[in-house]
Amino acid sequence: MSRLVRPLAALGAVAALMMLADALVRGDVDGRQLPLVLLAVGGIVWFVRPRSLGALALLVPLGVVIDLPFLTDGRGIYATEVILLTAVAGWASRIALGRIPAPERPPTAGLLLLGFGVAAALALVIGHPHLMSTYAAVRMLRVVLLAAVLGFVIQPAVDTTASRGRFLVLWTYGSLAALALLSLGGLVEFVAAIAGDADSEPGSFYRGSVGLANHIALVSPLALAWALGTTGRRRLFATGVWLTAMICLPLTASRGAMGSVLITSTVTGWMLLHGGRRRGLLMAGGVLLAIFVVLAIKPDIAGESFAYKFSKTIEGDFFSTRIDAWQETGAAIAANPLVGQGPDAWSPSVPLELAARHGLPAAALALAALIIAAWTALLTARRTHSPTALGVALGLVGFLLVGLAETGLGARTTPLLVMTVALAGLFIPNNNAD
């Protein structure tokens with residue numbers, strides 16, 4: 001088997017470059033083709049260098065921000081996908097040339113991600129061969145294959161205790177910086193809409209309120225954990241980020257995200273409730289309570305959409321807008337339980353959408369990876385009192401909670417989510433410092 005590692009790595013590098021070239025020559029990138037090509041060239045030059053994969057600690061969490069200047073009408077490929085494909089090509093080519101060793105067996109979460117990617121790819125290729133001529137299918141194949149290998153790709157960047165620590169700190173700063181920019185962008189967008197006498201659910205860099213709400217649910221527990229569990233400049237920075245995100249969140253009118261954040265914030269405070277951190281916990285609870293009281297008294301301050309959903313919630317109507325779609329998705333899954341419906345399947349629920357797109361086996365592997373990664377990080381947080389591990393664990397829990405009634409899956413969300421799972425499984429248990 002060891003003899004096949006280098007030829008297989010060379011094949012993987014070629015496959016990554018072919019997928020990249022295919023995406024860059026299609027009409028879906030008109031208007032940004034040259035910038036995307038230049039980004040691809042820069043990525044290739046960068047990632048063939050030694051110790052270059054550490055840049056992913058910043059590039060992936062900031063990906064949704066980096067994407068914006070490169071967006072095309074057809075959304076043929078996002079900048080983050082270009083970066084990751086060049087990273088895979090550079091990593092695999094260096095294995096093929098014998099510059100770095102073959103990747104080791106990843107922890108359970110990484111193996112499950114690999115299983116998900118393989119199962120989803122097989123479901124698409126074998127179950128829907130007639131769709132392979134469509135760009136939607138090619139794109140989905142690219143996304144799931146990236147998900148399968150990202151846990152292996154970051155191994156050279158976290159191969160020592162020092163490099164793990166650096167990577168984790170950079171990842172956290174990148175995640176919080178992206179959350180701050182997204183939240184500020186949402187606030188500016190909402191104010192501009194109000195000034196123009198229009199109702200708007202801010203989408204910020206996502207260009208959609210659902211994506212923004214899901215991102216806040218995923219990353220805000222990390223901000224709160226740092227705000228309550230660290231000191232000095234880190235605490236000030238994280239507190240500012242968390243407060244900005246909490247002000248922006250109601251404007252998205254996502255009840256699922258608000259419920260998710262309320263639960264994960266409560267658990268974060270409970271787990272960090274000791275010593276001098278009680279004052280910080282009271283501050284966080286006071287902020288949430290103040291926001292809730294203001295919105296309860298005057299819900300239209302957060303926009304007409306929020307006011308409408310608030311009134312429905314008061315009436316006890318939580319899921320009426322979802323039930324029909326859930327039933328349709330259930331019927332679609334029953335019709336094709338093993339291979340799903342393909343890239344056009346949609347549902348306002350992450351578990352149902354995974355099953356509808358990729359089939360039940362792939363969906364089960366993906367959900368198991370998320371749950372095990374969250375559990376691994378939570379155990380680490382309890383053992384080491386690491387606020388970063390706690391934030392990652394509760395961020396994954398928060399994503400799953402909001403995902404019960406909202407879909408947060410897509411080519412822009414998947415890299416951040418998959419890398420978070422990979423980090424939890426690969427090196428958080430071995431890192432005792434924040």
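Basis of the calculations
- Residues numbered from 1 in each chain as written.
- Predicted model: local features only at pLDDT ≥ 70, side-chain atom pairs only at ≥ 80, totals over all residues.
- Heavy atoms only, no water.
- Helix = DSSP H or I, 4+ residues; strand = E, 2+ residues; numbered from the N terminus.
- Buried < 20%, exposed > 50% of the residue type's maximum accessible area, 1.4 Å probe, protein only.
- Contact = heavy atoms within 4.5 Å.
- Areas by Shrake-Rupley, 256 points an atom, 1.4 Å probe, with all protein chains shown as cover.
- Salt bridge = Lys/Arg side-chain N within 4 Å of Asp/Glu carboxyl O.
- Core = buried A, V, L, I, M, F, W, Y, C linked by side-chain atoms within 4.5 Å.
- Phe/Tyr/Trp six-rings, centres within 6.5 Å; stacked < 30°, edge-to-face > 60°.
- Lys NZ or Arg CZ within 6 Å of the ring centre and 35° of its normal.
- Patch = residues over 30% accessible without salt bridge, like charges linked within 9 Å, V, L, I, M, F, W, Y side chains within 5 Å.
- pLDDT = per-residue confidence, 0-100.
- Axes fitted to C-alpha atoms, helices over the stretch in contact; angles between N-to-C directions.
- Parallel < 35°, antiparallel > 145°, perpendicular 65-115°, else oblique.
- Left-handed = near helix turned anticlockwise from the far one by under 90°.
- Expected span 1.5 Å × (residues − 1).

On to the overall build of the protein chain. Assigned secondary structure in the protein chain consists of 18 helices and zero strands. Buried residues in the protein chain amount to 52% of all 434 residues. Contacts in the protein chain between residues far apart in sequence, at least 24 positions, make up 74% of those at least 6 positions apart. With an accessible surface of roughly 18,700 Å², the protein chain has 68% of that area assigned to carbon and sulfur atoms.

Looking now at the pattern of salt bridges. Taken as a whole, this structure holds six salt bridges when the rule is applied. Asp-67 is the salt-bridge partner of Arg-412, the closest N and O atoms lying 3.4 Å from each other. Placement of the pair is Arg-412 in the loop between α17 (387–402) and α18 (414–426) and Asp-67 in helix α4 (residues 63–67), with a sequence separation of 345 residues. With respect to class, Arg-412 is no different from Asp-67; both count as buried. Several salt bridges share partner residues, and in doing so they unite Glu-81, Arg-139 and Arg-142 into one network.

What follows is about the environment of Gly-127. When you line up the elements, Gly-127 lands in helix α6 (residues 108–127). The class of Gly-127 is partly exposed, set by a relative accessible area of 27%. Between the C-alpha atom of Gly-127 and that of Gly-342, which follows or precedes it by 215 residues, the distance is 8.5 Å. Those residues in contact with Gly-127 that lie beyond four places of it in its chain are Leu-122 and Val-339.

Our focus in this paragraph is the nonpolar core. Counting 115 residues, the largest nonpolar core has Leu-56, Ile-77, Phe-167, Ile-216 and Leu-396 as its most contacted members. In this structure Leu-396 touches Leu-218, Leu-370, Ala-373, Ala-374, Leu-417, Thr-420 and Val-421, once residues within four positions along its chain are discounted.

On to the packing of aromatic side chains, then. By the definition in use, this model includes two aromatic pairs. Between Tyr-173 and Trp-226, the ring centres sit 5.2 Å apart and the planes meet at 85 degrees, which makes this aromatic pair edge-to-face. Taken as a pair, Tyr-173 in helix α8 (residues 161–195) and Trp-226 in helix α9 (residues 209–229) lie far apart in primary sequence, 53 residues in all. Of the residues examined, Trp-226 reaches a relative accessible area of 1% and is grouped as buried. Here the guanidinium or amino end of Arg-49 rests over the ring plane of Trp-46, the centre of that ring lying 4.1 Å away.

Residues Val-118, Leu-122, Val-125 and Ile-126 make up a contiguous nonpolar surface patch of roughly 360 Å² in combined accessible area. Note that Val-118 resides in helix α6.

Any residue range with low pLDDT should be treated as having predicted coordinates unsuitable for detailed reading. Chain-level pLDDT for the protein chain is 87 on average; 88% of the residues reach the 70-or-more range. Across the protein chain, the element-wise mean pLDDT spans from 63 in helix α13 (residues 304–314) up to 97 in helix α3 (residues 56–59). Taken as a whole, residues 427–433 scores under 50 in pLDDT and shows 18 contacts with residues more than four places along the chain or in a different chain.

Within the fold, Ser-260 resides in helix α11 (residues 255–271). Looking at Ser-260, the relative accessible area reads 2%, which means it is buried. Here Ser-260 is in contact with Ala-217, Gly-398, Leu-401 and Val-402, once residues within four sequence places are set aside.

Moving on, we come to the packing of α6 against helix α16 (residues 360–384). Relative orientation of the contacting elements α6 and α16 amounts to 160 degrees, with a least axis distance of 8 Å. Classified by the angle their axes make, α6 and α16 are roughly antiparallel. Note that α6 runs across α16; the crossing there is left-handed. From α6, Thr-108, Ala-109, Leu-112, Leu-113, Gly-115, Phe-116, Ala-119 and Ala-120 reach across to α16, where they touch Ala-362, Leu-365, Ala-366, Ala-368, Ala-369, Ile-372 and Ala-373.

Quick look at unusual backbone geometry now. In this structure, Ser-204 is a non-glycine residue whose phi angle is positive, near 50 degrees. For Ser-204, the location among the structural elements is in the loop between α8 and α9. Residue classification places Ser-204 among the buried positions, given a relative accessible area of 3%. For Ala-253, which is not glycine, the phi torsion reads 60 degrees and is therefore positive. Summarising the element assignment, Ala-253 is placed in the loop between α10 (232–248) and α11. Using a relative accessible area of 1% as the deciding quantity, one classes Ala-253 as buried.

As for its placement among the helices and strands, Ser-220 is situated in helix α9. The contact partners of Ser-220, leaving out residues within four places of it in the chain, are Leu-179, His-215, Trp-242, Met-246 and Val-261.

Moving on to α17. For α17, which comprises 16 residues, the first-to-last C-alpha distance of 22 Å matches the rise-based estimate of 22 Å (1.5 Å per residue) to within 8%. Of all the 16 residues making up α17, 13 are buried; the element is thus mostly covered by neighbouring parts of the structure.

A separate point is the environment of Ala-92. Structurally, the position occupied by Ala-92 is in helix α5 (residues 79–96). Judged by relative accessible area, which is 4%, Ala-92 ranks as buried. When the C-alpha atoms of Ala-92 and Arg-6 are compared, they prove to be 8.5 Å apart, with 86 residues separating the residues in sequence. The residues touching Ala-92, leaving out its near neighbours within four places in the chain, are Ala-9, Gly-12 and Ala-13.

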